[in-house]
Structures are given as structure tokens and as C-alpha cells.
Amino acid sequence: MQKFQAGDEAAFEQLVEAYKRRVLAVAYRFLQNQQEAEDVTQEAFFRMFRSRDKYRAEGKFSSWLFTIVNRLCLNLLRSRKRHPQESLRLEESEYADQAPRQWEDKSAPQAAEMLETEETREMVRRAVQGLSPDERMAIILDHWESMSLEMISQVLNKSVGAVKSILFRARAKLRVKMAAYLSPKDSG
Amino acid sequence: MDCKLCRENIYRYLRGQLSRSVHDVFEMHLAKCPDCNREVAQEKRLSEFLNEWPAPEPSLGFETRLAQRLQEARQPETGWWQRLGRGFMARPVWAGAAAVLMVGALAAVWVYNSQVLPGKQADMMVAQDMELFQDMEVIEYLDLLENWDEINALENDSEEQS
Ligand SMILES: [Zn+2]
């Protein structure tokens, strides 16, 4: 990272290589739109490079990068709200709370086993989309990126305690949304 | 360990983050508490479901577009007009707004020139137009400034080392 600050192009390339897939995955799971996620990824690295002198080496690099990613994602959400006609499709699924009804109805004990992979993905996707932005980002960084609570707290600019309760709430919501498939199959 | 404490630790338990001794006490509680046992099973199952959602594959043009954007980043900071072209105008809405303002500004120049200004002061008007666009650039970068407030705040109380 110091090399990168000193303007070493190769160091920058390495950072981009190391992080681009992760940044794309985070943005995608958050925005659930491929094009927007790719835009955010490009913009994040662009800004990272342009502001490298503002980065201080005592901070963890990845939390700095993902802070930028989080802000860009939030900006995008705001602009969707300002221009709803441009994102009708997204708007439609924005409030996904009611969306998984089709799964909730068939609450047979074996339902979980009958879920096809595609269906499971769709269920997860919708459930995650129903979370608030903070909850969504927290669960993404926690579950899929395996980031520590400390790092998530830096990205969200919240205390570790606050992040803990955000995560707790997020998981509780996800469990409610997937209730039919989390039934006590293996509780014995 | 009571149920409340147990529930609070499920998360760390499933990630193997509990210390040896807490881990043992935790499992002792699980062994005799069906409720907490069910909680653990559900949390586990939730994680399994989440794992079913894979990371996306980048689209075909992604690498090329990323490389282009990074090339732009490497170029030395350019004038405001080039930055307008790069970031600001890339968004159709802003481009539209800019076009409207541009037309408005030109109209103003024209009206002003035709009414008051012979010759020389037209240059001054152009300079003022440029200031207008500089303001717009500031508007675009407001989000970035916002970022920096947060990032700076976060760096100040950061305890992590790189
Ligand atoms: Zn218990």
C-alpha cells in the first residue's frame, strides 16, 4: 500500500487484481444489478487511485476501499429514488418483504429439500434485498466476505456494538423471510 | 450459561470464535436446551442458504471498461472541462441538466451582449460561465467530499494496522 501511495503503478495493479472480484461481489449483492455493480467497482478503484494520498497507512486498506464502495452503493440507491422511472424493475423488487409469499405457502416439512438451487438463490436474493442498507451491507461483509466486526464497523462508520445488533437484526429478518425452509429438520 | 447468553454467542460459536472454555460451556447448555439447539440449527441452515448465492461473474466488457477507467485515473489531474466530460457528463441526467444550463447561459450572454455589451465584456461573460461550470463540478464532487469526512473520521479512531 505504501508503494501504491508512492505512485507505484504495479502496486496499484496488484491491489485492483486482488480486490476487483470482491468489490464486484459486494456491490452486486448490495445493488442486485450487474451493470450498476460493475459501475460501482470501476468508480471505486478510480477514486481509490485518485485519492491515494489521503489514505493513511495505519488504517486497514480493505476497510478504506469498502468504505468507498459502501458510499458509492448508497449514492446509487439515492439516485434510484430520485429517478424511479429509470429503475422500475429494481423498484418493483425493492420492498421484497411480501415477495417470498410463494414459498411461505408451501410449508411442508420437506420443503427445504425440494428447493432447487435456482429457487434457493432467488429466495436468498429477495430476502437480502428486503434488508435495510446497513443491514444488507453488514450481512454481505460478514457472511460472504468474512470481514471482522471491527472492519465492518469501520466501513459502516458505526461502533462494534452497533454492528453486532445490526447483524443480529439482519439475521433475524432473514430467518423470518426463510422461515418455512429453516424448520427443525435437524434440531434433534 | 443461560439461554440469553447462549443466543448471543451462537454467531461466534458457528464461526469457531469462542474460546475453548466458553465453547465447552456453550455446548453443555446446548445438550440440555432444545430451544437453543433449534436456534443453532436454524442459524446454521440460514448460513447454508446464504452460501447458495454465488458471487457474480463479471460481464464480457467489464475488464476492458475497468482498464479504461484505471487508465483515466493514472492520467494527471485534468482541467475541469475534461473532468466534466469524464464523470459528470457520463450521467445522462446531469448531461441533460448541463445542456439546459449551457443553453441558458448562452442565451443570457446573447441577451446581455445585445442589450448592454459591446465587444470586450463578452470575454468576462465567458469567464463567468466557466465559474458556473466549476460550481457544477463541485456539486458532482460533493459526494466524494462526504466520503472523505467519513473516511477521515474512521481513520482517526482506527486501531487497526495495515
Ligand atoms: Zn437455552
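Residues numbered from 1 in each chain as written. Chains lettered and ligands numbered in written order. Predicted model: local features only at pLDDT ≥ 70, side-chain atom pairs only at ≥ 80, totals over all residues. Heavy atoms only, no water.

Novice: Tell me about the packing of aromatic side chains, and name the residues and values.
Specialist: The tally for this structure, following the rule as stated, stands at seven aromatic pairs over all chains. Measuring from ring centre to ring centre gives 6.5 Å for Tyr19 of chain A and Phe66 of chain A, while their planes differ by 65 degrees; the resulting arrangement is edge-to-face. Here Tyr19 of chain A is found in helix H2 (residues 9-31), whereas its partner Phe66 of chain A is found in helix H4 (residues 61-82), with 47 residues between them in sequence. By relative accessible area, Phe66 of chain A is classed as buried at 1%. Each ring, one from Tyr13 of chain B and one from Phe26 of chain B, has its centre 4.3 Å from the other, and the planes form 25 degrees; the classification is stacked. Separated by 13 residues along the polypeptide, Tyr13 of chain B in helix H1 (residues 3-14) and Phe26 of chain B in helix H2 (residues 20-32) bring together distant segments of the chain. An identical accessibility class is assigned to Tyr13 of chain B and Phe26 of chain B; each is buried. (Phe/Tyr/Trp six-rings, centres within 6.5 Å; stacked < 30°, edge-to-face > 60°. Helix = DSSP H or I, 4+ residues; strand = E, 2+ residues; numbered from the N terminus. Buried < 20%, exposed > 50% of the residue type's maximum accessible area, 1.4 Å probe, protein only.)

Novice: For the coordination of the zinc ion, give the residues involved together with the corresponding values.
Specialist: For a metal with four tetrahedral donors the ideal donor-metal-donor angle is 109.5 degrees, whereas six octahedral donors ideally subtend 90 or 180 degrees. Residue and element names in this part refer to chain B. Binding of the zinc ion to the protein goes through Cys3 (SG), His29 (NE2), Cys33 (SG) and Cys36 (SG), at separations of 2.1 to 2.3 Å. In the primary sequence, the donor residues of the zinc ion line up as C-x25-H-x3-C-x2-C. We note that His29, like Cys33, is buried. (Donors = N, O, S within 2.8 Å, 3.2 Å for Na, K, Ca; no water.)

Novice: Can you tell me about a nonpolar patch on the surface, naming the residues and giving the values?
Specialist: Residues and elements named next belong to chain B. A cluster of nonpolar side chains, Met1, Leu5, Val22 and Val25, forms an exposed patch at the surface whose accessible area comes to about 260 Å². The topology assignment puts Val25 in helix H2. A relative accessible area of 36% places Val25 in the partly exposed class. (Patch = residues over 30% accessible without salt bridge, like charges linked within 9 Å, V, L, I, M, F, W, Y side chains within 5 Å. Areas by Shrake-Rupley, 256 points an atom, 1.4 Å probe, with all protein chains shown as cover. Salt bridge = Lys/Arg side-chain N within 4 Å of Asp/Glu carboxyl O.)

Novice: Give me the lowdown on H2 of chain B, citing residues and values where you can.
Specialist: Residue and element names in this part refer to chain B. With 13 residues, H2 should reach 18 Å at 1.5 Å per residue; the first-to-last C-alpha distance of 19 Å fits that figure. Within the sequence span of H2, burial applies to His23, Phe26, His29 and Leu30. Buried residues of H2, viewed axially, fall in a sector of 125 degrees; they line one side. Turned more than 90 degrees away from the buried face of H2 sit Arg20, Met28, Ala31 and Lys32, all of them exposed. Where H2 is buried, its residues meet H1 and helix H3 (34-51). (Expected span 1.5 Å × (residues − 1). Arc of directions from axis to C-beta. Contact = heavy atoms within 4.5 Å.)

Novice: Outline the nonpolar core, supporting the account with residue identities and numerical values.
Specialist: Judged by nonpolar contacts, the single largest core of 64 residues is most densely connected at Phe45, Phe66 and Met178 of chain A. Among the domains, domain 1 (1-84) and domain 2 (115-188) of chain A are the pair contributing at least three residues each to this core. In contact with Met178 of chain A, not counting residues within four places along its chain, are Met123, Val124 and Ala127 of chain A together with Leu46, Phe49 and Leu50 of chain B. (Core = buried A, V, L, I, M, F, W, Y, C linked by side-chain atoms within 4.5 Å. Domains from an automatic or database assignment.)

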